[in-house]
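Coordinate analysis (summary)
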Amino acid sequence: GLALFVGAAYVFGVAGAPYPSQGEKTFELWLLLFDQLLFLWAATVAVRILGVRFVSRVAVISVVGVALIAIGERQTGASYAHWWLKQQRLYPLAGQRLEARGGAVRVRATGEFALQFAWVLPFFTPLVSLTALRARRVIWLAAPLAAALAIVLTVTPSAFPCVAPGGFVSFVFARGTRTR
């Protein structure tokens, strides 16, 4: 289905585009679609080979690691990326010092800026919650709390409504699961 869409997008949007169109730009846009398709295929193959449980646990451990970086940024007031990039004369936006809002330091951990970091973490909320609820050890229940704390520490109120659907999905799909 998705491969058919990407193929049709090439035929109608790049190869069969009318004369005054800009072929180079349309081809670059098509390459973005093709990249997404390749990533989806590679991710599907990886999950099929490694197993859903292993991949979800690795993702949750990564999210918790990033959340711990954010908590560390809040405690120290120093940027994680700035620590890595301060030796360079020119560095990207992520290498700048942390911003403040209302007197509170806005953490960004591995994001370019706090808003980006705050909006990416809620996408992982259902996965983190379900993995924690289906795990056999109680320590995994700290994972959703660490992710939620990192979202709060970004001082980005617009990200809070995004966590609610993740919590709802977790509640619906976690019926009958127990953590020991």
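Check the entry above for the structure.
One structure accompanies this document, and this report is about it. (Residues numbered from 1 in each chain as written. Predicted model: local features only at pLDDT ≥ 70, side-chain atom pairs only at ≥ 80, totals over all residues. Heavy atoms only, no water.)

Helix and strand content of the protein: eight helices and two strands. With 180 residues in all, the protein has 27% of them scored as buried. Sequence-distant contacts, at least 24 apart, represent 63% of the contacts inside the protein between residues at least 6 apart. When the accessible surface of the protein is totalled, it reaches about 12100 Å², and 69% of it is carbon and sulfur. (Helix = DSSP H or I, 4+ residues; strand = E, 2+ residues; numbered from the N terminus. Buried < 20%, exposed > 50% of the residue type's maximum accessible area, 1.4 Å probe, protein only. Contact = heavy atoms within 4.5 Å. Areas by Shrake-Rupley, 256 points an atom, 1.4 Å probe, with all protein chains shown as cover.)

Bringing the side chain of Glu73 into the picture now. By the secondary structure assignment, Glu73 is in helix α3 (residues 52–76). If we ignore the near neighbours within four places in the chain, the residues touching Glu73 are Ala78, Ser79, Tyr80, Ala81, Leu98, Val107, Arg108 and Ala109.

Turning our attention to the packing of helix α2 (residues 23–50) against α3. Two elements in contact, α2 and α3, have axes whose closest approach is 6 Å; the angle formed by their N-to-C orientations is 115 degrees. Judged by the inter-axis angle, α2 sits roughly perpendicular to α3. Along its contact with α2, which presents Ala46, Val47 and Leu50, the element α3 presents Val52, Phe54 and Val55. Partitioning the contact of α2 with α3 into residue classes produces six nonpolar, no polar and no charged. (Axes fitted to C-alpha atoms, helices over the stretch in contact; angles between N-to-C directions. Parallel < 35°, antiparallel > 145°, perpendicular 65-115°, else oblique. Nonpolar A, V, L, I, M, F, W, Y, C, P; charged D, E, K, R; others polar.)

With that out of the way, let us pick up the packing of aromatic side chains. In this structure the tally under the stated criterion is two aromatic pairs. Seen from their ring centres, Phe27 and Trp30 are 5.9 Å apart, and the 25 degrees between their planes marks the pair as stacked. Taken together, the positions of Phe27 and Trp30, both in helix α2 and three residues apart, correspond to about one turn of that helix. For Phe27, a relative accessible area of 33% gives the class partly exposed. Ring geometry for Trp30 and Phe34: centres 5.3 Å apart, planes at 15 degrees, overall stacked. Placement of the pair is Trp30 and Phe34 together in helix α2, with a separation of four residues, close to one helical turn. Judged by relative accessible area, which is 15%, Trp30 ranks as buried. Among the aromatic residues, those joined into a cluster by ring pairs are Phe27, Trp30 and Phe34. (Phe/Tyr/Trp six-rings, centres within 6.5 Å; stacked < 30°, edge-to-face > 60°.)

Here the focus is unusual backbone geometry. Despite not being glycine, Val155 has its phi angle at roughly 55 degrees, a positive value. Secondary-structure assignment places Val155 in the loop between α7 (142–153) and α8 (160–173).

Another aspect to go through is the packing of α3 against helix α6 (residues 125–134). It is at 10 Å that the axes of α3 and α6 come closest, and there the two elements cross at 115 degrees. It follows from the interaxial angle that α3 and α6 lie roughly perpendicular. α6 is crossed by α3, and the crossing has left-handed handedness. Seen from α3, the contacting residues are Ser56, Arg57, Ala59, Val60 and Val63; seen from α6, they are Leu127, Val128 and Thr131. Tallied by class, residues from the contact of α3 with α6 come to five nonpolar, two polar and one charged. (Left-handed = near helix turned anticlockwise from the far one by under 90°.)

Let us look at the side chain of Thr125. Within the secondary structure, Thr125 is located in helix α6. With relative accessibility at 14%, the residue Thr125 sits in the buried group.

A word on the layout of surface pockets. When its volume is computed, the largest pocket comes out at roughly 310 Å³. Lining the largest pocket are Val47, Val52, Arg53, Val55, Ser56, Arg57, Leu127, Leu130, Thr131, Arg134, Ala135 and Phe173. Only α3 and α6 provide two or more residues apiece to the lining of the largest pocket. Ranked by residues supplied to the lining of the largest pocket, first place goes to α3 with five residues. (1 Å grid on protein atoms, 1.4 Å probe; cavity = no way out; pocket = protein on both sides within 12 Å on 5 of 7 lines; lining within 4 Å. Points joined across faces, edges and corners; volume = space filled by probe spheres on them.)

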